[in-house]
Amino acid sequence: MRTDFSDDAGWDVLKAAIDSRDATGATYVSDPMYAGITVQELVDMDAAASDDDKLTYLFLADAMTMTDDEHPLLAVDLYTEPGRTFRLPPRWYADVSANLTIANLDFDEFADVSDETGTFRGLGGE
């Protein structure tokens, strides 16, 4: 979900980086209504949603994603510890998303191994 609309070319670069890693399940949301939305606002929106519309997690393309050379997405837990976050470079999107989708690993297992900057860089320090 795109929350920063300052760089359309950067958004395209980010999507290409995700798609290049065989992220066939990626769904891109680029709606200006989400411009600048905070993690807490997303948590509150999800809490107010019907059970059928609740999400487990989201990946945000925020201002840091668009301006940092590494383009790290912000992963947001909306299920177990709503509001907990970690960052991940686009190269890890497919692995993290797939493991969360099939419940092979939980959100906290990725967040807990994030580095000192709060960025996930692979299991085992890859």
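Located above this text is the structure these notes cover.
Cut-offs applied
Residues numbered from 1 in each chain as written. Predicted model: local features only at pLDDT ≥ 70, side-chain atom pairs only at ≥ 80, totals over all residues. Heavy atoms only, no water. Phe/Tyr/Trp six-rings, centres within 6.5 Å; stacked < 30°, edge-to-face > 60°. Helix = DSSP H or I, 4+ residues; strand = E, 2+ residues; numbered from the N terminus. Buried < 20%, exposed > 50% of the residue type's maximum accessible area, 1.4 Å probe, protein only. Lys NZ or Arg CZ within 6 Å of the ring centre and 35° of its normal. Salt bridge = Lys/Arg side-chain N within 4 Å of Asp/Glu carboxyl O. 1 Å grid on protein atoms, 1.4 Å probe; cavity = no way out; pocket = protein on both sides within 12 Å on 5 of 7 lines; lining within 4 Å. Points joined across faces, edges and corners; volume = space filled by probe spheres on them.

Caption draft 1: Structural view of the packing of aromatic side chains. According to the stated counting rule, one finds eight aromatic pairs in the structure shown. Summarising the aromatic geometry, the rings of Tyr57 and Phe59 are spaced 5.5 Å apart at their centres and angled 70 degrees between planes, so their arrangement reads as edge-to-face. A ring pair is formed by Trp92 and Phe120, whose centres lie 5.7 Å apart and whose planes are at 80 degrees; its orientation type is edge-to-face. Here Trp92, found in the loop between strand 3 (85–88) and helix 4 (93–101), pairs with Phe120, found in the segment after helix 5 (107–111); they are 28 residues apart in sequence, far enough to count as distant. By the burial criterion, Trp92 is buried, and Phe120 matches it. Through pairs of rings, three or more aromatic residues link up here, namely Phe86, Trp92, Phe107, Phe110 and Phe120. Directly above the aromatic system of Tyr28 lies the positively charged group of Lys15, at a separation of 5.8 Å from the ring centroid.

Caption draft 2: Structural view of the pattern of salt bridges. Tallied over the entire structure, the rule returns seven salt bridges. The residue Arg87 makes a salt bridge to Asp62 at a minimum N-O spacing of 2.6 Å. Here Asp62 lies in the loop between strand 1 (57–60) and helix 3 (63–67) and Arg87 lies in strand 3, a separation of 25 residues in the sequence. Asp62 carries the same exposure label as Arg87, and that label is buried. A salt bridge links Arg121 to Asp115, with the nearest nitrogen and oxygen atoms 2.7 Å apart. Judged by its relative accessible area of 23%, Asp115 is partly exposed. If you follow the salt bridges from partner to partner, you end up with Glu70, Asp115 and Arg121 in one network.

Caption draft 3: Just the environment of Glu81, in detail. Within the secondary structure, Glu81 is located in the loop between strand 2 (73–77) and strand 3. You can call Glu81 partly exposed: its relative accessible area is 37%. Separated by 38 residues in sequence, Glu81 and Val43 place their C-alpha atoms 9.9 Å apart.

Caption draft 4: Examining the layout of surface pockets more closely. The computed volume of the largest pocket comes to approximately 450 Å³. Gly25, Ala26, Thr27, Phe59 and Tyr93 are the residues nearest the centre of the largest pocket, which is lined by 25 residues in total. For the lining of the largest pocket, the secondary-structure elements that each account for two or more residues are helix 1 (8–19), strand 1 and helix 4. When residues in the lining of the largest pocket are grouped by element, the largest group, five residues, is from helix 4.

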